[in-house]
Amino acid sequence: MRFNQAFIYTLREDPREAEITSHKLLLKAGMILKLASGIYTYLPLGFRVIEKINKIVSEEMDRIGAIRLLMPSVQPKELWEESGRWKEYGKELLRIKDRNDRDFVIGPTHEEVVVDVARHFVRSYKDLPLTLYQIQTKFRDEIRPRFGLMRGREFIMKDAYSFGKDEKDLEKSFNDMFNAYCRIFKRCGLKSRAVEADTGLIGGKGSLEFMVPSSVGEDEIVCCNRCSYAANIEKAESRVEIPRARPEQSIKEVYTPKKKTVEEVSQFLNVRREEIVKTLIYKGERRFYAFLVRGCDELNIVKAKRAVGETELRPPSEKELKDMGLHLGFLGPVGLKEKDIYVLGDNLIKDMKWCVTGANKEDFHLEGVKIGRDFSVDMYTDLRRVKEGENCPVCNGKLSILRGIELGHVFKLEDKYSRKMNGYFLDEKGKKRYYVMGCYGIGIGRTAQAVVEMHHDEKGIIWPLTVAPYDVEIISLTDKDYANLLHDELEKEDIEVLLDDRKESPGVKFADCDLIGIPIRIVLGKYLEQGKAEVSLRKDREKRFLISKHEVVGFVKNLKRELIKEIENG
RNA sequence: CGGGGUGUAGCGCAGCCUGGUAGCGCACCUGCUUUGGGAGCAGGGAGUCGGAGGUUCAAAUCCUCUCACCCCGACCA
């Protein structure tokens, strides 16, 4: 490909809309163009990267026997009513009407459609297990699109769905998929890490996310320094030393004027934060809940939601609090039952013999409160957010918290959708049974951007060869004829080559080459008089090779092979 | 949805406070020169000043409303 034909337009200045490096670079290098918030055109260069990733993904899917198809992105409401998600999904689901006023959705995911496909054809246990996948554009009306392709509203996703006879089939498909994902991210030049995760809206039991550690990641992951334990903060657990408690006392009301925060109360009453029980009131779809955690802990809202089976929890309004006779800053568990509030306690408060709580009365707290005697808890569970430095729940090692970009997610769905949508088959005994399903996603665009985030320098992108838009860029400074010849020869050898044939100064060509990030560069310039071309790598410009004209093609072929091997060996 | 910010040529910005009919750099077009790290000279094209309404002899500039986009938070496979 010649630059003049390639539709490449780079930006000289930083685009104002971008904040993080990978987003800036994708825009500057002319890889993507924004059309609306969270909606992007993949320009020719960016699209080549997408296609490279798609190819790696489909090769790995094919390797584990998954079958590719393509499902519609516009889907009828009826299907979503069958699964119950027409009601559940909320505003993120883009709903549209056709000319006859019939309701449709733009697919944010394809469980419904794929079950519909399977149930049309798969009636016998002999057809199982089966895994179907597609690579397709999806739409989720995200509340806040951000960081370019990192969190778009329209985005390309590989989604796969496995259908099995039983748990054993599911286990096998799940493991195959897990291994495929490891290979995919490795081949893209990324160091991914699988972490335990909350299953969220899609539901089901087992769930692992594939994360790439990065400071710009939107998720927090908890990792053990000793064993392989790793979990999304939403799900993570830990072991905590519980300090020795004070002896039991009788309950006593104390005057605490304007002391609203745990910190203030702790200082004013001279008690440790661990001795205070913090009461957080939330309103769900069904009722009000009180979540009790130690004063030194924070409530993990995802765990809270899971515990009460609510999809949404919001803090009560001032009026709602007032109506219940409660005061922000002086909330406490004593007497909440009478107000018909469901009380949940974090596991760590269960054995407290003595604590300080709000008195549910302006400017007063209670001391010497004892659980069971002074108030009761409807349910104990893990509600707290894990903190850096706590102990690993598996091996007691130290936990650290880092940020990560979620690139893939594998779920065990079991029969959640097949049951609701009557997706069944007949087993060996002719008995009707529901598909045991798994679902597996990879964000393609997000993966592309994560690669940029991990591989760049101050000059631009440094594509790993496996996902680079081109393998080689030729910068021709003198001899046009030879440049053209070399270009054609390389193409003949299946080397993807970009020849910069623009009438630009050398500086511009070098700068663009570094910005766009093609892994191998061939400069045809002053050494051409000696019959030599100059070959260098984007990742290390210090190393340069002067290669005789007739050996260039062979040399580059070798180089490409080596670069690929390097990536695949990690 | 709450808080903050920005909309002026393809991109990045100045002009707005103090109203007088739009400017800079880059990019683009033409010509000549230049050619190993974002070239020089000369000439040129390009803007409903986000939109609507209002105030005024006169609005990019002042007022009201509105839309879009960005950031933080809430939220989210």
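Everything quoted here is computed from the prediction, not taken from an experiment.

## Structural notes on helix H2 (residues 44-63)
For H2, with 20 residues, the first-to-last C-alpha span of 28 Å sits near the 28 Å given by 1.5 Å per residue. Within H2, the full set of buried residues consists of Leu45, Gly46, Val49, Ile50, Lys52, Ile53, Asn54, Ile56, Val57, Ser58, Glu60 and Met61. Note on H2: the residue one or two positions beyond its end, glycine 65, has a positive phi of about 85°.

## Here's the deal with the packing of aromatic side chains
Here the distance between the centres and the angle between the planes together describe a pair of aromatic rings. Enumeration over the complete set of coordinates arrives at 14 aromatic pairs. For the pair tyrosine 255 and phenylalanine 364, a centre-to-centre distance of 5.3 Å together with 50° between the ring planes defines the contact as tilted. Here tyrosine 255, found in strand S13 (residues 252-255), pairs with phenylalanine 364, found in strand S18 (residues 364-369); they are 109 residues apart in sequence, far enough to count as distant. With a relative accessible area of 21%, phenylalanine 364 lands in the partly exposed category. For lysine 412, the ring lying beneath its charged end belongs to phenylalanine 174, and the centroid distance is 4.8 Å.

## What to know about the domain arrangement of chain A
Under the domain assignment, chain A is made up of domain 1 (13-190 + 415-453), domain 2 (252-381) and domain 3 (470-568). A C-alpha centroid distance of 37 Å is found between domain 1 and domain 3. When domain 1 packs against domain 3, close to 800 Å² is buried across both sides, 60% of that on carbon and sulfur atoms. The largest contributions to the domain 1 side of the interface with domain 3 come from Leu45, Arg48 and Lys52, which together make up 47% of the buried area.

## Some words on the protein's contact with RNA strand B
In the neighbourhood of RNA strand B, 40 residues make up the surrounding shell, with Arg16, Arg140, Ile143, Met157 and Asp514 lying closest. The contact in question runs from a sugar or linking oxygen of RNA strand B to an N or O atom on the side chain of arginine 12, over 3.3 Å. Between a base oxygen of RNA strand B and a main-chain N or O atom of glycine 525, the distance comes to 3.3 Å. Breaking the surface near RNA strand B down by element, the ones donating at least two residues are strand S8 (154-164), strand S20 (399-414), helix H13 (506-516) and strand S28 (520-524).

## Comments concerning the side chain of arginine 85
Within the secondary structure, arginine 85 sits in helix H4 (residues 85-88). At 3.1 Å, the side chain of arginine 85 forms a polar contact with the side chain of tyrosine 417.

## What to know about the nonpolar core
Grouped together as the largest cluster of nonpolar side chains are 60 residues, with contacts concentrated most on Met31, Met61, Tyr181, Ile184 and Trp463. Counting residues domain by domain, this core receives three or more from each of domain 1 (13-190 + 415-453) and domain 3 (470-568). Judged by nonpolar contacts, the second largest core, of 25 residues, contains Val113, Leu130, Tyr161 and Cys439.

## A look at the sheet that holds strand S17 (residues 355-358)
A sheet is described by the order of its strands in space; here three strands give the open sequence S13-S18-S17, paired in antiparallel fashion. If you trace the sheet from one side to the other, it starts and ends with S13 and S17, each paired once. The mean angle between the axes of side-by-side strands here comes to 30°, regardless of whether they run parallel or antiparallel. Pairing between S17 and S18: three bridges, direction antiparallel. Bridge pairing links glycine 358 to histidine 365 in S18.

## Quick look at the environment of threonine 447
Position of threonine 447 among the secondary structure elements: in helix H11 (residues 444-454). The spatial distance from the C-alpha of threonine 447 to the C-alpha of isoleucine 184 is 10 Å, given a sequence separation of 263 residues. Beyond its immediate chain neighbours, meaning those up to four positions away, threonine 447 contacts Ile53, Phe185, Cys188, Leu190, Leu407 and Ile442. A polar contact of 2.6 Å, which involves the side chain of threonine 447, links it to the backbone oxygen of glycine 443.

Criteria and cut-off values
- Residues numbered from 1 in each chain as written.
- Chains lettered and ligands numbered in written order.
- Predicted model: local features only at pLDDT ≥ 70, side-chain atom pairs only at ≥ 80, totals over all residues.
- Heavy atoms only, no water.
- Helix = DSSP H or I, 4+ residues; strand = E, 2+ residues; numbered from the N terminus.
- Expected span 1.5 Å × (residues − 1).
- Buried < 20%, exposed > 50% of the residue type's maximum accessible area, 1.4 Å probe, protein only.
- Phe/Tyr/Trp six-rings, centres within 6.5 Å; stacked < 30°, edge-to-face > 60°.
- Lys NZ or Arg CZ within 6 Å of the ring centre and 35° of its normal.
- Domains from an automatic or database assignment.
- Buried area = accessible area lost by both parts, 1.4 Å probe.
- Near = heavy atom within 4 Å.
- Polar contact = N/O pair within 3.5 Å; in protein donor to acceptor, adjacent residues only side chain to side chain.
- Core = buried A, V, L, I, M, F, W, Y, C linked by side-chain atoms within 4.5 Å.
- Pairing = 2+ DSSP bridges.
- Axes fitted to C-alpha atoms, helices over the stretch in contact; angles between N-to-C directions.
- Contact = heavy atoms within 4.5 Å.

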